Amino acid sequence: MSFDIAMTLQRGSLHMTYEFTAGPGLTALFGPSGAGKTSLLDAVAGLARPTDGHIAVAGTVLFDRARKIDLKPEKRRCGYVFQDHRLFPHRSVRRNLLYGWRLVRPEERWLSIDLALDLLGIGHLLDRMPATLSGGEAQRVAIGRALLSAPRFLLMDEPLASVDANRREEILSLIERIRDELKLPILYVSHDRAEVERLAQQIVAVEPVQAKAAPRDQVAPINSRPINMRRISLVPAPMSSSLASRK
Amino acid sequence: MSFDIAMTLQRGSLHMTYEFTAGPGLTALFGPSGAGKTSLLDAVAGLARPTDGHIAVAGTVLFDRARKIDLKPEKRRCGYVFQDHRLFPHRSVRRNLLYGWRLVRPEERWLSIDLALDLLGIGHLLDRMPATLSGGEAQRVAIGRALLSAPRFLLMDEPLASVDANRREEILSLIERIRDELKLPILYVSHDRAEVERLAQQIVAVEPVQAKAAPRDQVAPINSRPINMRRISLVPAPMSSSLASRK
Amino acid sequence: APRAQPPLVLAAASLQESMNAAADAWSAKGHPRPRISFAGSSALARQIEAGAPADIFISADEPWMDELEGKKLLKPGTRVSFLRNTLVLIAPRGSTMKMAVRPGMPLAKALGTGRLAVADPNGVPAGIYAKQALTKLGIWNSLQGKLAPAENVRAALALVSRGAAPLGIVYGTDAQADQAVKVVGLFPQTSHAPISYPIALLASSSNPEAEGFRRFLISSQGKAVFRRFGFGTK
Amino acid sequence: MGGLSPEEWEVLLLSLKVSGVAIAAVLPLAFGLAWMLARWRFPGKVLLDAVVHLPLVLPPVVTGWLLLLTFGTNAPLGRFFADTIGLTFLFRWTGAALAAAVMALPLMVRAMRLSLETVDRRLENAARTLGAGPWRTFFTVTLPLATPGIMAGLVLGLARSVGEFGATITFASNIPGETQTLPLAIYSALQLPGSEWQVARLAGLSVLLSVSALALSEWLSRRNSEGKDRHVL
Amino acid sequence: MGGLSPEEWEVLLLSLKVSGVAIAAVLPLAFGLAWMLARWRFPGKVLLDAVVHLPLVLPPVVTGWLLLLTFGTNAPLGRFFADTIGLTFLFRWTGAALAAAVMALPLMVRAMRLSLETVDRRLENAARTLGAGPWRTFFTVTLPLATPGIMAGLVLGLARSVGEFGATITFASNIPGETQTLPLAIYSALQLPGSEWQVARLAGLSVLLSVSALALSEWLSRRNSEGKDRHVL
Ligand SMILES: Nc1ncnc2c1ncn2[C@@H]1O[C@H](COP(=O)(O)OP(=O)(O)OP(=O)(O)O)[C@@H](O)[C@H]1O
Ligand SMILES: Nc1ncnc2c1ncn2[C@@H]1O[C@H](COP(=O)(O)OP(=O)(O)OP(=O)(O)O)[C@@H](O)[C@H]1O
Ligand SMILES: [Mg+2]
Ligand SMILES: [Mg+2]
């Protein structure tokens, strides 16, 4: 199972319950604004602590209330593309990109810097500070930063929201290659149905908790299109993978 | 003419030249990331000062270097939906929405608060602080804040980027009504071709300045689909307009 | 032989010029020049109470010496009151003020809207003496609201020499030191407690030079130095 | 500990008055300077910065002296204030307030400047597009967002002014009922042997005063500014 | 003005040493306190806040006196330091540094706290997901983002320690060559009538010292931290 999640989260006075398992490949989270998609990603990344339940990714238990497991965010090895970019404002684009890259052993890296710069089209921005980037530029740098940290799974929160059509195509196929060649589990939030249709092996519909309702278990998990359930490993493909070949 | 723009902007070491006129209705700005769309909107809003040229909206000159005209942002009466929301973090959603609303004479208002809350689906968020909003919620509040300030023209920078499909439909038709019933000039940035096709009377392709190139006039203006050129007035439709009817 | 360590002397701030001159005279005789820390007597006394490693204390008044003696912080038999001072009424040099110091003198009237600069009469020795004298002369009450109490006697002196106050009460030695003021009148010795400066060796002192320096200070040779600066000696 | 003696009450109330007036009076100046240093670029900015820091760097007695030379009865500024608005400082509580204000100024400016520099200019721009002029933008966006720094500046300034001693006694003298604030009363008490109890009482009062100010500032900064527009929506 | 006399040099260098050591030594403590006050919630937080502010509120003489009572030769802490690491304070330059440090502490804590409170926690979270542990996150994200406040704290603290007088003379006394820093030398000079020229020279030195520190801090905060990773990309 790529993702095995059953948990309750609290945000403000809201209690949100999630329950789904997803097979290998890319799992799209689809649902109205405010349904709790970002909250879910935060919990998987270790940035929000569930009040109950468990989270496992590709067989690794990241959180389990009953067994008192709660891996620290830095141990989870996720590549999180935030909805709000979160570039480090005091570091140049170069030093943003290298932040996570420097923290993994060279043999674990699966994406070469050259390739990332090329596919994301950010090679000319290296010396710029984040404050001077346009919206789409910042978003692509954020994607690059997350991928270069050589994560074992990806959390992508509307990564293509303000990326233009041409670049979107390139990034989409990059994601497809990561999904297919590296077989990394991916949780992918998007409001764009075409994008989801194209990328997702399964779609999880996240339904909003009734606003103002009393705490209630409400998120109906829908695993549509469940596909092949064979176990996949989180061990990255060897560096000879074409993604790393241009290193 | 809705928009009559010919100017040069400087961002960092980049010099960007814009030149286009657009008839009534909605003008979509379409172009790759970093081409200078946001910069253009900033200049029209009065937040970036062109080094040369002029900007006129619906016959009102907002900026003219030669005639030494440079209207202050607060005099331009634009409704600017920023790419990065820019909600006031120290004010509740309610007080964000009312910020501009309080600053216009009641008889100039053309959108009732009730209707805005309803169409944008943000009625239940009034007492929340912006930091607790989800991405899409923040975006909708930002749209509401801009519209409620009773602007005479709209600048919308990817306003639907993280809005879900259902809500998107409602907001799209709200924009259409503003365009058709109130006849407000609108500059609209989007990377979504379907959205642009549906909304735009004319599309302006913004082409990027060659990165690292010496300052050069480069933005090729393309006014595609120029439509009826009759002059429209900035005077808002009377309050009896259906948009205000639910006041 | 290694050169002897200089003793550390704690001295009231108003002794600055004279003590420095005395230390120079002592070192001219081939002794290491004592190190001297000048501060208010109260601050120095509290430092001694806290165990400060010093050798000699010279206070501007007796009570603090009494306090230390009571706490057995002085070397028995080394306390001597060796200097005297006078209390004078001063005015800026250019002032035309004339006033005889006598009981009932019209000091308040002479001040007009100005104030009388004194050291703080609630704690600083020079101020306490001034208060005693003015009380004895029967005009203390008439001066309520007309005083400008300063941090120490030198600050009071400065108030007069800069013209911030038309009159002031300071020690005779202070008036002599400052060219910008003149003495208007001298307070009788009987109008206040005797102004005396006690010196003593501290119980914790182990510096062999210290006793020599103390003896020098209270010798006729040492006293001569202080007399140059206007001190009386006994 | 028992109740306060009338003299202690007098000292306490005077301290309150002196510090309160000092901070209130210097607040606009401090904010203006913070604004200039945070927002403007002009030649001699480092110099202005240095001048603002002066009262912090110089021993307070020197500051007191400089005040005497500038605001004394015969000094230019002293004469100016006396002639124009009849305000004299020498040996008056106003002088104590002036000294406290001058000593508090650098602390207030620094804290406020720090906050002003972190205010997001893009939010100010957003306010402008919504129809707010520069002043309204300032009061509704910039000022509220800079509140933490202003509060910190107020607290630092108030604490400093409550503790101010050297410049005050040099410039305004130590006149009971007029310029004898808490620190000056403590100083007087400290001069006499065996006055520990009295010193402790007075010092306790200082501490009490400041803790109250501190608690008040925490409370103020927590109190939310909501509920104002509730009748509309 | 001419060159400095040997005595002036001595005073200047001693002042530099005392302030430098004081600020360097108190920096980690100040930062720790700022961190606790900015990030933690615990009972008695307001109390801790108040205690940190104490040296600001109390007249310096009282602070000096309290230092005497705590770090004197016979006092508990004084004895502890003497016995464990052979460090004594009374009448030594270390005492002057201690007094300067204590007086600078509240200013440093406030400025640093102010900056720490504005650091965006979401950026720290982002660093964590990129594989940085809490310490690395602290040094690569939190600390750089809090730099303006740390700089402001350093400048304020340094300026305050250069100007520190009351606590120093009360605690460490006024010993030439050992504890006579610039303000104490100025005080001594002020005791002598007609010493304006000398006072002005010494005050000028203080100002010079601080302006240099100020200019240095401006320069440091402007110097960008780039160029470190240039060989990789
Ligand atoms: N201070 C600066 N220094 C250098 N370049 C800058 C600076 N500010 C903006 N730019 C550049 O100006 C160009 C235009 O930016 P702008 O934000 O207008 O792009 P955009 O068309 O809105 O892009 P997007 O669709 O990604 O939002 C970008 O390439 C951007 O990197
Ligand atoms: N501190 C809080 N107090 C109250 N409600 C909160 C708080 N934080 C988040 N919420 C609410 O939790 C819900 C889930 O938020 P989340 O950001 O996960 O939504 P989302 O599905 O990512 O939406 P979007 O598509 O708009 O980004 C939202 O309704 C949000 O308003
Ligand atoms: Mg979200
Ligand atoms: Mg943009």
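That block above? That's the structure.
Residues numbered from 1 in each chain as written. Chains lettered and ligands numbered in written order. Predicted model: local features only at pLDDT ≥ 70, side-chain atom pairs only at ≥ 80, totals over all residues. Heavy atoms only, no water.

### With respect to the arrangement of the chains
Now for step 1: Ranking the 6 pairs of chains in contact by number of contacts places chains D and E first.
Now for step 2: One finds no contact linking chain B with chain C; the least C-alpha distance across the pair is 48 Å.
Now for step 3: Separated without contact, chain A and chain D have their nearest C-alpha atoms at a distance of 11 Å. (Contact = heavy atoms within 4.5 Å.)

### What to know about the coordination of the magnesium ion (ligand 4)
Residues and elements named next belong to chain B.
Now for step 1: Looking at the magnesium ion (ligand 4), one finds its protein donor set to be Thr38 (OG1) and Gln83 (OE1), positioned 1.9 to 2.2 Å from the metal centre. Of this pair, Thr38 sits in helix α1 (residues 37–45) while Gln83 sits in the loop between β7 (78–81) and α3 (93–101); the two residues are 45 residues apart in sequence, bridging distant segments of the chain.
Now for step 2: Residue Thr38 is classed as partly exposed on the basis of its relative accessible area, which comes to 23%.
Now for step 3: According to the relative accessible area criterion, Gln83 is partly exposed, its value standing at 23%. (Donors = N, O, S within 2.8 Å, 3.2 Å for Na, K, Ca; no water. Helix = DSSP H or I, 4+ residues; strand = E, 2+ residues; numbered from the N terminus. Buried < 20%, exposed > 50% of the residue type's maximum accessible area, 1.4 Å probe, protein only.)

### Focus: the interface of chain E and chain D
Accessible area lost on assembly of the parts is the figure often given for the size of an interface.
Now for step 1: Every contact between the two is made by 40 residues of chain E and, on the other side, 42 residues of chain D.
Now for step 2: Between chain E and chain D, roughly 3500 Å² of surface is buried when both sides are summed, and carbon and sulfur atoms account for 81% of that area.
Now for step 3: Our count for the chain E to chain D interface comes out at 0 salt bridges.
Now for step 4: Seen at the junction of chain E and chain D, the total is 2 residue pairs in polar contact (both at pLDDT 80 or more).
Now for step 5: At the level of elements, α2 (45–57), α3 (60–71), α5 (93–118), α8 (147–163), α10 (182–190) and α11 (196–222) of chain E are the ones that each hand at least two residues to the side of chain E that touches chain D.
Now for step 6: Considering every element that reaches the side of chain E that touches chain D, the biggest residue donor is α8 of chain E, with 9 residues.
Now for step 7: Along the lines of polarity and charge, the residues of the side of chain E that touches chain D split into 29 nonpolar, 6 polar and 5 charged. (Buried area = accessible area lost by both parts, 1.4 Å probe. Salt bridge = Lys/Arg side-chain N within 4 Å of Asp/Glu carboxyl O. Polar contact = N/O pair within 3.5 Å; in protein donor to acceptor, adjacent residues only side chain to side chain. Nonpolar A, V, L, I, M, F, W, Y, C, P; charged D, E, K, R; others polar.)

### Considering the site of ligand 1
Now for step 1: As a matter of local geometry, ligand 1 sits amid 18 residues, with Arg128, Ser134 and Gly136 of chain A together with Thr38 and Ser39 of chain B nearest to it.
Now for step 2: Residues within reach of ligand 1 are spread across chains A and B.
Now for step 3: For ligand 1, an oxygen atom lies 2.6 Å from a polar atom in the side chain of Glu137 of chain A.
Now for step 4: Side-chain polar atom of Thr38 of chain B to an oxygen atom of ligand 1: 2.6 Å apart, as the coordinates give it.
Now for step 5: In the complex, the protein chains occlude 88% of the 640 Å² of accessible area that ligand 1 would expose alone.
Now for step 6: Broken down by secondary-structure element, the contributors of at least two residues to the shell around ligand 1 are α5 (135–148) of chain A together with α1 of chain B.
Now for step 7: When grouped by side-chain class, the residues that make up the shell around ligand 1 number 2 nonpolar, 12 polar and 4 charged. (Near = heavy atom within 4 Å. Areas by Shrake-Rupley, 256 points an atom, 1.4 Å probe, with all protein chains shown as cover.)

In short, the description is geometric, and any link to function would need to be established separately.
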